[in-house]
Amino acid sequence: MEEAKSNGLSGLEASSLLKQHGSNVLPEAQPKTFLSILLNVIKEPMFLMLLVAGSVYLALGDRAEALFLLTFVFVVIAITLVQEHKTQRALESLRDLSAPRALVRRDGVEIRIPGREVVPGDLLILHEGDRIAADAVIVEGQLSVDESLLSGESVPVSKLANGSSIHPGADSCTTLFASTIVTKGVASAIVYATGINTAVGHIGQSIAATREIPSGLQRSSRTLIYNLSIIAIALALALVFLNWLLNDLSFLESLLSGITLAMATLPEEIPVILTVFLALGAWRITKRKVLTRRISAVEALGAINILAVDKTGTLTQNRMQIAELSVGDTFFTAGYDEELPEDFHLLMEFAMLATPADPYDPMEKAIQTFGHTRLIGTEHLHDECSPEFQYDLSPEIMAMTLIFSDINPALRLLATKGSPEAVVDLCHLPEIQKHEILSRVEAMAARGLRVLGVARGEFQAENDTPVWPKTQHDFDFTFLGLLGFVDPPRPEVSDAIAECRSAGIRVLMLTGDHPATAQAIAKQVGLSESADVITGDEIAALADEELLTRLGQADVCARMQPEQKLRLVQLLQQSGNVVAMTGDGVNDAPALKAADVGIAMGERGTDVAREAAAIVLLDDSFTSIVAAILQGRNIYDNITKATRFVFAVHIPIIALTLLPALLNWPIILQPVHIVLLQLFIDPACAVVFEAEPAADKIMHRPPRQLHASPFTAKNVGFAVVQGSGIALILLVGYTVLESMGWPIGSIRISLFSALVAVLFLLVLANSNTNYYRRSDIPKTNPWLLYMFAGVSFLLAAVLLIPFLRNLLGFGSLTLMPVIASSILLLFSGLWLQLLRWRPARHTDL
């Protein structure tokens, strides 16, 4: 029975229990229903204007126009449903990826599964930083757990096998509760409740569901749309009364002209652009092994100018293994099959004793693996022993000590390992010997090795329940030697760092390693050639201004405490930088949250770090960060292009709607025409620009400002210039054709056909305004071809089908309107090309 418990459930048992108890999830916010989407559509100004325009047409007796407009209402609903489904699916995929995961033992093997698949009876393996997936009972080990979620108490509580309490917030408790956080220790626990049957489930809080906060761009766009809506309504009302009072039109006809102007003025595509681009952009980024937990992070990615990264696992392969041992002046270089000399047995024995039997840390795993391989068959293995007491690593003493009473009954044995400086200090060595040891440490670190010191000690207790000293310094230790670990750099990191440098992004290395080790790795990957390294002690001693000065000279920070990362992030931000920072531990969470873009490790990071971060690296690779930055820049570029297109395309529509009314010309564009134009504009925004590939030199330009906006005067102004030129060409075309005695139906078909074709030119022009300066051919966006085919098909339908042609007030399709629209299109194309020849500033947009 005990063996079955230690092996966990079998796969078949887990599947059966999952069917029986259901998924381990709390009540979540449900996806939007068809009815809620429909209600949102009805609230949209464009929808309301369509209904009013259709009603006015009915009142005027124009049933065909009314039917066309009311039919388009269903088209709007269909398009909205498709966009909503696409966005919802992308967000659900992101939520599934970001859901907590649990380490369980099944069939005797430890595997990491989605938290929703945990079932009663599962054996959870818990480490520091894990968020507990379900209510469970500890069967082995000891933990400290933050249960403030349930108890309101911020102080972590201890958890023991065979504890005395079962209530949240109580010390010496044997029960673990879902959604609480392990702050220290290692333990295994058997699940007894999941989902709504957990303590959190009984409270009824939907902790798993989060409400996405609108991004900065979304908030600024809402303000813009609100202001433009007021302007559009004011212009529309003015036009209604102008036509009614001065132009001898009936009130209904005047109302129809006002509605047409309002429909032409409102850039209602902007919210669609931001919602779709950011959600689908985040989904696209996941293909680069980067999970976006908050959509607002997509905006900030393109503005990063400082990237502060951990060394281990991000710049290196996180394949820690012992490469070298040092005892006195004797070194042992580890090979695959070499026998470990006797002189090094004591060093490895106490290194293993100072390491948990089931470690989580890669270096500790390397110690246990090496020791069990090289000490097998000797008296130096003590797997049956467990520590009576231990001193944990702390900012004051970067070493840990485990105390054993079952190896030698006469006295307690102390096993210590940690940073060489801390261990040497604990041993109270003479200065000469201390200098010799630290010189060997420097030499090993210069070879790229990460170095730990090991020591042993003895403690004579007066009874079986000794009172332990407050600090490790109160013991007498004997220095045993040094362990050198190797973690080779990832081969692709050098190119990625070079790409960051060309993109104007400075890379800083933050590590707890020895300065020489950090510097050696920094040189290997091309991060820095500078010999200047800032240490954690220097960071603690320097004032803010002095530290900023030092940070301007050094790219490597070594022997850092996790708590110091928060100070660095805040200082860099205060000096105007946009900072991205990586982290994986519980203590990294405040800095991850404070950074403009917090980046957690997906493979080796704790749940706490992942939840504090804005994005999660699914493969812990530095190159994935660089790929995400590229995608972030491209998403912002495409939003800028789409925004420019929207403003450019609305100018000629407004001009053809407003000026004829002001000049008492015949009406050129009516609501039915605006509706048809929306069929062309919306797909261009939501599909074509979203799929636009990145510019070839997107990583060869400096980062944008964090609060930069696509709604700047420069971007919108350029769009207005584009649109104004086209509007002028079309209006001049109108006056020329009218002076030639053309009927309004023939003029309307010429102008409308030219305007539809110009929309496609505007898509091409705003995809990249500077193609003519590029030596290479622009990358192809396949959606451009689909859009061209769709535009051609719809235009052919309205021109060739008599019912539609009459509905839109077009004259007969003859050669002359085709020639006229072709000439207008030619002049519009020349105007757009002329704008490309303007005195250029640096842009790929």
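Residues numbered from 1 in each chain as written. Predicted model: local features only at pLDDT ≥ 70, side-chain atom pairs only at ≥ 80, totals over all residues. Heavy atoms only, no water.

Quick word on the overall build of the protein chain
Working step 1: Within the protein chain, the regular secondary structure consists of 29 helices and 22 strands.
Working step 2: Counting only residues that meet the buried cut, the protein chain has 53% of its 845 residues in that class.
Working step 3: A separation of at least 24 residues holds for 71% of the contacts in the protein chain among residues at least 6 apart in sequence.
Working step 4: Here the protein chain has roughly 37200 Å² of accessible surface; of this, 59% comes from carbon and sulfur atoms. (Helix = DSSP H or I, 4+ residues; strand = E, 2+ residues; numbered from the N terminus. Buried < 20%, exposed > 50% of the residue type's maximum accessible area, 1.4 Å probe, protein only. Contact = heavy atoms within 4.5 Å. Areas by Shrake-Rupley, 256 points an atom, 1.4 Å probe, with all protein chains shown as cover.)

Examining the packing of aromatic side chains
Working step 1: Here the structure, examined in full by the defined rule, presents 12 aromatic pairs.
Working step 2: Taking 5.8 Å as the distance between ring centres and 45° as the angle between the ring planes, the aromatic pair formed by Phe332 and Phe344 counts as tilted. Within this pair, whereas Phe332 is found in strand β11 (residues 330-333), its partner Phe344 is found in the loop between β11 and α12 (345-353), the two being separated by 12 residues in sequence.
Working step 3: Residue Phe332 is classed as buried on the basis of its relative accessible area, which comes to 6%.
Working step 4: On the basis of an interplanar angle of 55° and a centroid distance of 5.1 Å, the ring pair of Phe760 and Phe788 is categorised as tilted. Of the two residues, Phe760 is situated in helix α26 (residues 744-767) and Phe788 in helix α27 (residues 782-800); the sequence distance between them amounts to 28 residues.
Working step 5: Classification of Phe760 by relative accessible area gives buried; the value is 14%.
Working step 6: On the accessibility criterion, Phe788 (45% relative accessible area) is partly exposed.
Working step 7: Here the aromatic residues Phe389, Tyr391, Phe459, Trp468, Phe475 and Phe477 are joined through ring pairs into a cluster of three or more.
Working step 8: One residue, Arg704, lies across the ring of Tyr636, its end atom 3.9 Å from the ring centre. (Phe/Tyr/Trp six-rings, centres within 6.5 Å; stacked < 30°, edge-to-face > 60°. Lys NZ or Arg CZ within 6 Å of the ring centre and 35° of its normal.)

Concerning the packing of helix α23 (residues 622-662) against α26
For any two helices packed against each other, one specifies the inter-axial angle together with the distance between the axes.
Working step 1: Contact pair α23 / α26: the axes reach a minimum separation of 9 Å and the direction vectors enclose 155°. Taken together, the axes of α23 and α26 are roughly antiparallel relative to one another. Considering how the two elements wind past one another, α23 and α26 form a crossing that is right-handed. Across the interface between the two elements, Lys641, Arg644, Phe645, Ala648, Val649, Pro652, Ile653 and Leu656 from α23 touch Leu755, Leu759, Leu762, Val763, Asn766 and Ser767 from α26.
Working step 2: Considering only residue class, the contact of α23 with α26 consists of 10 nonpolar, 2 polar and 2 charged. (Axes fitted to C-alpha atoms, helices over the stretch in contact; angles between N-to-C directions. Parallel < 35°, antiparallel > 145°, perpendicular 65-115°, else oblique. Left-handed = near helix turned anticlockwise from the far one by under 90°. Nonpolar A, V, L, I, M, F, W, Y, C, P; charged D, E, K, R; others polar.)

Some thoughts on the pattern of salt bridges
Pairs can form between side chains of opposite charge whenever their charged atoms are close.
Working step 1: For the structure on display, the rule yields 18 salt bridges.
Working step 2: The shortest N-O distance in the salt bridge between Asp310 and Lys565 comes to 2.9 Å. Of this pair, Asp310 sits in strand β9 (residues 306-310) while Lys565 sits in helix α20 (residues 562-574), and the two are 255 residues apart along the sequence.
Working step 3: Assessed through its relative accessible area of 8%, Asp310 is described here as buried.
Working step 4: Relative accessible area serves as the criterion here: at 6%, Lys565 is assigned to the buried category.
Working step 5: Across the pair Arg447 and Glu324 runs a salt bridge whose closest N-O atoms are separated by 2.5 Å. Pair noted here: Arg447 is in the loop between α15 (431-446) and β15 (450-459) and Glu324 is in strand β10 (residues 321-327), with a separation of 123 residues, a long-range link.
Working step 6: Note on Arg447: relative accessible area 45%, which makes it partly exposed.
Working step 7: With relative accessibility at 10%, the residue Glu324 sits in the buried group.
Working step 8: Overlapping salt bridges, with partners in common, bring together Lys311, Arg450 and Asp513 in one network. (Salt bridge = Lys/Arg side-chain N within 4 Å of Asp/Glu carboxyl O.)

A look at the pairing of strand β2 (residues 109-114)
Working step 1: For strand β1 (residues 101-106) and β2, the ladder comprises 6 bridges, and the chain directions are antiparallel. Bridge pairing in β2 links Leu103 to Arg112.
Working step 2: Counted between consecutive antiparallel strands, the loop separating β1 from β2 contains 2 residues, among which Asp107 sits at a positive phi close to 55°. (Pairing = 2+ DSSP bridges.)

Notes on the sheet that holds strand β21 (residues 597-601)
Working step 1: Read across the open sheet, the 8 strands follow the order β8-β22-β21-β20-β9-β17-β19-β18; overall the sheet is mixed. Each of the sheet's edge strands pairs with one partner strand only, and the pair in question is β8 (290-292) and β18 (533-535). Within this sheet the neighbouring strands show an average axis-to-axis angle of 20°, counted without direction.
Working step 2: Bridging between β9 and strand β20 (residues 579-583) involves 3 bridges; their strand directions are parallel. What sits directly across from Ala308, in β20, is Met581.
Working step 3: Helix α17 (residues 515-524) contacts β17 (506-510), β18 and β19 (556-558) of the sheet and is inclined by roughly 150° relative to β19.

What about the sheet that holds strand β13 (residues 399-404)?
Working step 1: The strand order across the open sheet built from 7 strands is β11-β10-β16-β15-β14-β13-β12, with neighbouring strands paired in antiparallel fashion. With partners counted over all chains shown, the strands left at the sheet margins are β11 and β12 (389-391), one partner each. Strand-to-strand twist across the sheet, computed as the mean angle between neighbouring axes with direction ignored, equals 20°.
Working step 2: For β10 and strand β16 (residues 477-486), the ladder comprises 5 bridges, and the chain directions are antiparallel. Paired with Ser326 across the two strands is Leu482, which belongs to β16.
Working step 3: The strands touched by helix α13 (residues 362-374) are β10, β11, β13, β14 (412-418), β15 and β16; relative to β10, the strand with the most contacts, the crossing angle is about 70°.

Observations concerning the side chain of Arg704
Working step 1: Following the sequence through the fold, Arg704 ends up in the loop between α24 (671-688) and α25 (713-739).
Working step 2: Among buried charged residues, Arg704 stands out as having no salt bridge; its nearest opposite-charge side chain is Glu299, 5.6 Å away.
Working step 3: Aside from chain neighbours lying at most four places away, what touches Arg704 is Glu299, Ala300, Gly302, Ala303 and Tyr636. (Lys, Arg positive; Asp, Glu negative; His and termini not counted.)

Points about helix α29 (residues 815-836)
Working step 1: Its 22 residues give α29 an end-to-end C-alpha distance of 32 Å, which sits within 8% of 32 Å, the value for a rise of 1.5 Å per residue.
Working step 2: In the core, the buried residues of α29 are packed alongside α25 and α26. (Expected span 1.5 Å × (residues − 1).)

Here's the deal with the confidence of the model for the protein chain
Working step 1: Per-residue confidence for the protein chain gives a mean pLDDT of 81; residues scoring 70 or more make up 82%.
Working step 2: In this model residues 771-778 is a low-confidence stretch, pLDDT under 50, and it forms 17 contacts with partners more than four residues away in sequence or in other chains. (pLDDT = per-residue confidence, 0-100.)

Details of the packing of helix α19 (residues 544-551) against α20
Working step 1: Viewed as axis vectors pointing N to C, α19 and α20 meet at an angle of 85°, and their least axial separation amounts to 11 Å. If you check the angle between α19 and α20, you find them roughly perpendicular. On α20, the residues touching Asp544, Leu547, Leu548 and Leu551 of α19 are Arg567, Leu568, Leu571 and Leu572.
Working step 2: Considered class by class, the residues forming the contact of α19 with α20 number 6 nonpolar, no polar and 2 charged.

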